Amino acid sequence: MNATDPGLLTAPASEPSSAADRAIGPPLWLLLELTYRCPLHCVFCYNPVDFAATENELSTDDWLRVLREARAAGSVQCGFSGGEPMLRDDLEVLVAEAHRLGFYTNLLTSGVGLDEARARALREAGLDHIQLSFQDSTRELNDFLSHTRTFELKRRVAHTIKAHGWPMVMNCVIHRLNIDYIDQIIELALELGAEYLELANSQYYSWALVNRDHLLPSREQIELAERVTNEYRARFGERIRIFFVVPDYYETRPKKCMNGWGNVFLTVTPDGTALPCHTARMLPGLAFPNVRDMAVARIWYDSEGFNRFRGTGWMKEPCRSCPEKEKDLGGCRCQAFMLAGDAAVADPVCDKSPAHGVVTAAVERAQSAELRPSQIAPLVFRGPAESKRLIAERGR
Amino acid sequence: MSAAVEVTSSTRPRVSPRFRLQWEEAQQSWVLLYPEGMVKLNGSAGEILKRCDGRRSVAELVAELEAAFSTQGLEDDVIGFLDVALHQHWIEV
């Protein structure tokens, strides 16, 4: 590939880095959130609940420049995501450039808009892989959770993906409403010929946090689902790799979020804001740079936003003296802010966190078999109108 | 591909189409790329895998490596690595 193209590799990434900078590895994973527009209305979407405030999407030229700068800085995996990336009619142009630069290119899609003509164009552009999302294995629940009639379309798209020879990751967000049907979800992935299946338990950010009491499964549900998943792994491990992501609320130590702040992952939002994770923009008092104003390498190595929570120097107690601090790096900064009100404290998933009770209270509520509708607010479906309503509520 | 298949000196391994082998200047290493993931290879793994083209036999591959690095007796190590690679589906035989 063009990774050996000397023209690319000798291009100066940015100003020379200091000695300390050289200890920081490159932004290996580049995620481009091309748009927040999406035909689906999923109740667990991780796009920010105030996405309706974003209007000014980057132009094709902006995205092409981001690809070139990131590749020169050492990015190698490139994800095209959203919202629904198929809604950008320049997707094929961007994929072709990413391919030319030597990226491994991944398209993360709901399937809406991926017809035969565009599949052919993406194949010609050099797209390497497609991750297709389902919301459930049944039309009824898939269409209910996404608030669209998309189940049959997704099945057709899966056949299109396989007919073009792409490896396929099927992704299904798992939660209280579909976890009991995990066997049928795995059967669907087998039937459709997916090489990989991500059973990603919902993480409680953004829209999923709004809907948490509807979505958080009980401990019993999770244990059963893991058992069923392991049975399928034993039977079909050669055909399909199944990932099962446990909801971190059931852990007593936090996840090493994004494999470390500013460690491998760089996401660019539709308006060009560069973030160390999908949701970091929620953190107050942190200035995240925009790719319109700053080159990717400078953003990665020199910006305040990317350096603020790198490593362990920012930690307070109980993290600072914790023997496990290098292992989980204190967990997730967004979760610390959402649940404990301070982005620089321990992730409350950790049972050493003074705010751990917030997590156990949500978990306790999830153990009751019945959630009376009167106890909780109705499910909120992701969409521009709901987003504007939530923005207005926060303003008050 | 099953675990019963073994790598011998006459095997002609090739990198699996499920993976893309690529030199990464920024990491100064060979990597295997696959959907949403990457395996960073150490120096010897990279030298072995870049020669797995389906044409060279393991014996030829070993001879090339021994010549390139002015050494001898690499066959056991190479076969040991290729067994791991086969198990990981990085290569096909």
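One numbering rule holds for all chains: residues counted from 1, following each sequence as written. Both sets of labels track the order of writing: A upward for chains, 1 upward for ligands. Residues qualify for local features only when their pLDDT is at least 70, as the model is predicted, and side-chain atom pairs are given and counted only at 80 or more; totals for whole chains, interfaces and linings, by contrast, use all residues. Computation of side-chain values: all heavy atoms of the structure, hydrogens and water removed.

Draft legend 1. Spotlight on the overall build of chain A. A run of DSSP states H or I qualifies as a helix once it reaches four residues; a run of E qualifies as a strand once it reaches two. Both are numbered from the N-terminal end. Scanning chain A from terminus to terminus reveals 16 helices and 9 strands. Radius of gyration (C-alpha) of chain A: 21 Å, near the 21 Å computed for a compact globule of 396 residues. When the backbone C-alpha atoms are referred to their principal axes, chain A occupies close to 60 × 55 × 45 Å. Exposure categories follow from relative accessible area, calculated using a 1.4 Å probe and restricted to protein chains: below 20% of the type maximum is buried, above 50% is exposed, and the middle band is partly exposed. Here chain A holds 396 residues, and 56% of them are scored as buried. For chain A, the computed accessible surface area is about 16,600 Å², with 53% contributed by carbon and sulfur atoms. With 45 positive and 52 negative side-chain charges, chain A shows a separation of 2 Å between the mean positions of the two kinds. When we talk radius of gyration, it's over C-alpha atoms, and the globule rule is simply 2.2 Å times the number of residues to the 0.38. Method for areas: the Shrake-Rupley scheme with a 1.4 Å probe, in which residue coverage is limited to the protein chains shown. This count recognises Lys and Arg as positive and Asp and Glu as negative, with His and chain-terminal groups excluded. To locate a charge, take atom NZ for lysine, CZ for arginine, CG for aspartate or CD for glutamate.

Draft legend 2. A look at the nonpolar core. The set of buried Ala, Val, Leu, Ile, Met, Phe, Trp, Tyr and Cys residues whose side-chain atoms join them within 4.5 Å is what this entry labels a nonpolar core. Judged by nonpolar contacts, the single largest core of 88 residues is most densely connected at Leu 32, Leu 67 and Phe 80 of chain A. When residues of this core are assigned to their parent elements, the largest contribution, 7 residues, is made by helix 7 (residues 182–192) of chain A. Here a residue-residue contact requires only that any non-hydrogen atoms of the pair lie within 4.5 Å. Not counting residues up to four positions away in its chain, the partners in contact with Phe 80 of chain A are Leu 32, Leu 34, Leu 67, Pro 85, Leu 91, Leu 94, Val 95, Ala 98, Thr 105, Asn 106, Leu 107 and Leu 108 of chain A. Judged by nonpolar contacts, the second largest core, of 25 residues, contains Val 169 of chain A together with Val 7, Phe 19 and Phe 81 of chain B.

Draft legend 3. Representation of the packing of helix 5 (residues 139–146) of chain A against helix 6 (residues 151–163) of chain A within the structure. Residue and element names in this part refer to chain A. Axis definition: a line fitted to C-alpha atoms, limited for helices to the stretch in contact. Angles are taken between N-to-C directions and run from 0 to 180 degrees. Direction vectors running N to C along helix 5 and helix 6 enclose 105°, while the axes themselves pass 9 Å from each other. Viewed along their axes, helix 5 and helix 6 adopt a mutual orientation that is roughly perpendicular. On helix 6, the residues touching Arg 139, Asn 142 and Asp 143 of helix 5 are Phe 151, Glu 152 and Lys 154. Partitioning the contact of helix 5 with helix 6 into residue classes produces 1 nonpolar, 1 polar and 4 charged. Angle categories are assigned with fixed cut-offs, so that under 35 degrees is roughly parallel, over 145 is roughly antiparallel, 65 to 115 is roughly perpendicular, and the rest are oblique. Residues are grouped as follows: nonpolar covers Ala, Val, Leu, Ile, Met, Phe, Trp, Tyr, Cys and Pro; charged covers Asp, Glu, Lys and Arg; every other residue, Gly included, is treated as polar.

Draft legend 4. Representation of the pattern of salt bridges. Salt bridge, as used here: a side-chain nitrogen of Lys or Arg that lies within 4 Å of a carboxyl oxygen of Asp or Glu. Inspection of every chain in the model, using the stated rule, returns 32 salt bridges over all chains. In this structure, Arg 20 of chain B engages Asp 128 of chain A in a salt bridge whose closest nitrogen and oxygen atoms are separated by 3.0 Å. With one member in each of two chains, Arg 20 of chain B in strand 2 (residues 20–24) and Asp 128 of chain A in the loop between helix 4 (116–125) and strand 4 (129–134) form a pair that bridges those chains. Arg 20 of chain B sits in the buried class, given a relative accessible area of 14%. By relative accessible area, which is 15% here, Asp 128 of chain A ends up buried. Between Glu 92 of chain B and Arg 14 of chain B there is a salt bridge, with its nearest N and O atoms 3.1 Å apart. Highlighted residues: Glu 92 of chain B in strand 5 (residues 91–92) and Arg 14 of chain B in strand 1 (residues 14–15), separated in sequence by 78 residues. Through salt bridges with shared partners, a single ionic network connects Glu 47, Lys 50, Arg 51, Asp 53, Arg 55, Arg 56 and Glu 64 of chain B.

Draft legend 5. Here's a closer look at a negative patch on the surface. To count toward a patch, a residue needs a relative accessible area over 30% and no salt bridge; like charges are then connected within 9 Å, while nonpolar side chains (Val, Leu, Ile, Met, Phe, Trp, Tyr) are connected within 5 Å. A cluster of acidic side chains, namely Glu 220, Glu 223, Glu 226 and Glu 251 of chain A, defines a negative patch on the protein surface. Among the structural elements, Glu 226 of chain A can be located in helix 10 (residues 219–236).

Draft legend 6. Focus on the sheet that holds strand 1 (residues 29–33) of chain A. Residue and element names in this part refer to chain A. Between any two strands, at least two bridges found by DSSP are needed for them to pair. Across the sheet, 9 strands lie side by side as 7-6-5-4-3-2-1-8-9; this open sheet has mixed pairing. Whereas interior strands pair on both sides, the edge strands pair on one side only; in this sheet they are strand 7 (241–245) and strand 9 (274–275). Where strand 8 (residues 265–268) meets strand 9, 2 bridges bridge the pair, whose relative direction is antiparallel. In the sheet register, Val 268 faces strand 9, and the bridge partner there is Ala 274. Helix 7 rests against strand 4, strand 5 (168–174), strand 6 (196–201) and strand 7 of the sheet, and its axis sits at about 165° to strand 5.

Purely geometric numbers; function is a separate question.
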